[in-house]
Amino acid sequence: AVELTLGLDDLACVEIGSVVCSPADKIKASERLKVKIITLELGTPFTLGQSLIVHFHAARIQGRITKMLALHDPKSGEETKKKPRLLKSFQTATIELTLSETICVEKYEDYPSLGRLVLRLGGQTVGVGKVTKVYSATKKD
C-alpha cells in the first residue's frame, strides 16, 4: 500500500479517474487506443462510428469506434477476418476507439489495472476488453 498526502491546493487538480505516477516513469495519456474486446449481449450490432461509454479504472468517458480491425476466434485468439463491417453478440474483435478527451491509460500487458475497460451503452454493459496499443496523443499512427 502507498500513502499519499495532498495539500488543500493540490485537491483542485484531483478528480475521479486521476492517476498518480512517478515523474521518471510517466503513464501514457491518449485519446486513441487499439483494444481487443469481447462483445456481450447486443440489441443491435456494433458498426463503425458506434458511440459508447468507456469505463477505465475509476474514469468514465465517451468513446466512438473509429476502426474495426479484425475478428478473432474466441478460443484460439487467431484472426479470422480483417476489417469486419459489424460486430455481433459474443464476438471477439480488435477495434480502434477514439475518446472524447485524453485519458491516462496503459497497455494491459504492461499494467493490467490500467489496461482494462468496460463498454456500456444505454445503461447496459455491452463489452469488456483490454488495451493492446496506446497511440501517441500528438500524432496519428
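Attention here is on the structure that accompanies the text. Every chain's residues receive numbers from 1 upward, in the order its sequence appears when written. Local features in this predicted model are restricted to residues of pLDDT 70 or higher, and side-chain atom pairs are both shown and tallied only at a pLDDT of 80 or more, whereas totals for entire chains, interfaces and linings draw on every residue. No hydrogens and no water enter the side-chain calculation; it runs on all heavy atoms of the structure.

Before going further, it helps to examine the overall build of the protein. The secondary structure listing takes helices from DSSP runs of H or I that are at least 4 residues long and strands from runs of E that are at least 2 residues long, numbered from the N terminus. A tally of regular secondary structure across the protein gives one helix and nine strands. Ordering the α and β elements of the protein from the N terminus gives α-β-β-β-β-β-β-β-β-β. Principal-axis analysis of the C-alpha atoms places the extent of the protein at approximately 50 × 30 × 30 Å. Taken over 141 residues, the protein has a buried fraction of 31%. Here a residue-residue contact requires only that any non-hydrogen atoms of the pair lie within 4.5 Å. Of all intrachain contacts in the protein linking residues separated by at least 6 positions in sequence, the fraction that spans at least 24 positions is 66%. Using a 1.4 Å probe, accessible areas were evaluated by the Shrake-Rupley method; residue-level cover was limited to the displayed protein chains. Roughly 9000 Å² of accessible area belongs to the protein as shown, and the carbon and sulfur atoms make up 52% of that amount. Note on exposure labels: buried denotes an accessible area under 20% of the residue type's maximum, exposed denotes more than 50%, and partly exposed covers the range between, all computed with a 1.4 Å probe on protein chains only.

All right, on to the pattern of salt bridges then. We define a salt bridge as a contact between a side-chain nitrogen of Lys or Arg and a carboxyl oxygen of Asp or Glu at a distance within 4 Å. Scanning the entire structure with this criterion turns up four salt bridges. With its nearest N and O atoms 3.3 Å apart, the salt bridge here joins Lys28 to Glu106. Taken together, the residues Lys28 in the loop between helix H1 (8-11) and strand E1 (29-39) and Glu106 in the loop between strand E7 (92-104) and strand E8 (116-121) connect sequence positions 78 residues apart. By relative accessible area, Glu106 is classed as buried at 4%. One salt bridge in this structure joins Glu109 and Lys107, with 3.3 Å as the shortest N-O distance.

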